[in-house]
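Examination of the molecular architecture
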Amino acid sequence: VYTAASLSDAVSVFRVRVVGLMEGNVLPVSGGPGLSCAALELATPGRTRVYQTVTDLNGYYFFTNVPVGLYNVRVVSPGFGEVTLDDLVLEPGVVVQQDFFLPAGTDTPEIVGQVTDADNGFPLVGAYVEALIADSVVSTTYTCASGAYEIFLPGFKGESIEVELRFSLPNYVTATQTVIVNPGE
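Residues numbered from 1 in each chain as written. Predicted model: local features only at pLDDT ≥ 70, side-chain atom pairs only at ≥ 80, totals over all residues. Heavy atoms only, no water.

Regarding the sheet that holds strand 2 (residues 39-43)
Note the cut-off: Note on pairing: two strands pair once DSSP finds at least 2 bridges between them. Secondary structure elements follow DSSP: runs of H or I of four or more residues count as helices, runs of E of two or more count as strands, with numbering from the N terminus. Lines fitted to C-alpha atoms define the axes, with helix axes restricted to the stretch in contact, and inter-axis angles between N-to-C directions lie between 0 and 180 degrees.
Taken together, 4 strands build an open sheet; the order of strands is 3-2-5-6 and the sheet is antiparallel. Unpaired on one side and paired on the other, strand 3 (50-54) and strand 6 (83-90) mark the two borders of the sheet. Neighbour-to-neighbour, the strand axes of the sheet open up by a mean angle of 20°, direction not taken into account. One ladder, built from 5 bridges, connects strand 2 with strand 3; its direction is antiparallel. Among the inter-strand pairings, Ala43 is bridged to a residue of strand 3, identified as Val50.

Shown next as structure tokens:
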């Protein structure tokens with residue numbers, strides 16, 4: 001018995017995703033070893049796509065599988081100032097090598113802490129930390145391998161402020177905590 005089959009039923013459409021790669025180190029301007037726990041954010045100018053990573057113990061970072069295009073970069077690290085780089089272009093097949101040199105800390109108020117699993121106390125890496133003032137997000141960061149974070153509060157010098165911290169991580173319930181930051185803290 002001979003039967004015919006239609007090949008059109010088995011045709012699939014494949015999409016190819018063109019991506020870029022970026023890597024480098026985060027270092028202090030004054031010299032010395034790389035900065036661990038530095039948070040990097042890679043965002044399109046309209047912030048329609050945002051990617052984050054954290055440096056390893058030696059200050060090394062990398063972004064992989066990021067769609068090619070134009071991005072702005074923001075880098076922060078505990079005890080150091082912020083650095084930004086605008087109009088970075090990721091191209092297909094090109095590894096962008098970009099080191100960042102952070103200045104010594106500023107007098108901008110900051111909150112430092114650690115995010116841990118409530119059940120076992122283990123540190124949580126990659127938790128997203130948001131600082132909100134009057135229900136508006138004023139700063140964000142991610143936790144590093146030790147679960148530690150440092151979040152800066154730009155524009156709030158010399159005044160007491162109430163800050164709501166919001167912590168989120170996939171497969172965990174979002175948590176919040178309210179703190180009062182006083183001048184000089």
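Regarding the confidence of the model for the protein chain
So the rule is basically this: pLDDT expresses how confident the predictor is about each individual residue, on a scale running from 0 to 100. The contact criterion used is simple: two residues touch if any of their non-hydrogen atoms lie within 4.5 Å.
Considering every residue of the protein chain, the mean pLDDT works out to 83; 86% of them sit at 70 or more. Between the elements of the protein chain, mean pLDDT differs from a low of 82, seen in strand 12 (residues 148-152), to a high of 95, seen in strand 8 (residues 100-102). Every residue in residues 1-12 scores below 50 in pLDDT, and together they form 0 contacts with partners more than four places removed in sequence or on other chains.

Concerning the nonpolar core
Put simply, the test is: Grouping buried Ala, Val, Leu, Ile, Met, Phe, Trp, Tyr and Cys residues that are joined through side-chain atoms within 4.5 Å yields what is termed a nonpolar core. A 1.4 Å probe rolled over the protein chains alone gives each residue an accessible area, and that area as a share of the maximum for its type sets the label: buried under 20%, exposed over 50%, partly exposed in between.
With 19 residues, the main nonpolar core has Met22, Val26, Leu42, Leu90, Phe100 and Leu102 as its most contacted residues. Those elements giving two or more residues to this core turn out to be strand 1 (19-28), strand 2, strand 4 (60-67), strand 5 (69-76), strand 6 and strand 8. In contact with Leu90, not counting residues within four places along its chain, are Gly20, Leu21, Met22, Leu42, Val66, Pro67, Val68, Gly69, Tyr71 and Val96. If you look at the next biggest cluster of nonpolar residues, it comprises 17 residues, including Ile111, Leu124, Val163 and Phe167.

With respect to the pairing of strand 5
Of the strand pairs in this sheet, strand 2 and strand 5 are connected by 5 bridges, and their pairing is antiparallel. The partner of Glu41 across the bridge, within strand 5, is Arg74. Here 6 bridges tie strand 5 to strand 6, and the two strands are oriented antiparallel to one another. Opposite Gly69, over in strand 6, you have Leu90 as the bridge partner. Two successive antiparallel strands, strand 5 and strand 6, enclose a turn made up of 6 residues, where Gly79 displays a positive phi of approximately 80°.

Quick notes on the packing of aromatic side chains
Rule in force here: Stacked, edge-to-face and tilted labels apply to pairs of Phe, Tyr and Trp rings (six-membered ring for Trp) whose centres lie within 6.5 Å, assigned for plane angles under 30 degrees, over 60, and everything in between, in that order.
Summed over the entire model, instances satisfying the criterion amount to 6 aromatic pairs. Between Tyr51 and Tyr71, the ring centres sit 6.3 Å apart and the planes meet at 65°, which makes this aromatic pair edge-to-face. Of this pair, Tyr51 sits in strand 3 while Tyr71 sits in strand 5, and the two are 20 residues apart along the sequence. Judged by relative accessible area, Tyr51 falls into the partly exposed class, the value being 21%. Members of the aromatic cluster, joined through ring pairs, are Tyr61, Phe63 and Phe100.

Here we look at the state of the cysteines
Two cysteines, two sulfur atoms, one covalent bond between them: this is a disulfide. Note the following rule: Counting rule for disulfides: a pair of cysteine sulfur atoms within 2.5 Å.
One pass over the full model with this rule turns up 1 disulfide. The partner cysteine of Cys37 in its disulfide is Cys144, sulfur to sulfur 1.7 Å. With the S-S bond torsion at 70°, the cross-link from Cys37 to Cys144 turns out right-handed. With Cys37 in the loop between strand 1 and strand 2 and Cys144 in the loop between strand 11 (136-142) and strand 12, this residue pair connects regions lying 107 residues apart in the sequence. Overall, Cys37 belongs to the buried group, its relative accessible area being 18%.

Quick look at the pattern of salt bridges
Quick reminder of the rule: What counts as a salt bridge is simple: a side-chain nitrogen of Lys or Arg found within 4 Å of a carboxyl oxygen of Asp or Glu.
A complete count under the given rule lists 3 salt bridges for this structure. Two residues, Arg47 and Glu41, come together in a salt bridge whose shortest N-O distance is 2.9 Å. With a shortest N-O distance of 2.8 Å, Glu130 and Arg166 are connected by a salt bridge. Of the two residues, Glu130 is situated in strand 10 (residues 128-133) and Arg166 in strand 13 (residues 161-168); the sequence distance between them amounts to 36 residues. Among the residues examined, Arg166 registers a relative accessible area of 26% and is labelled partly exposed.

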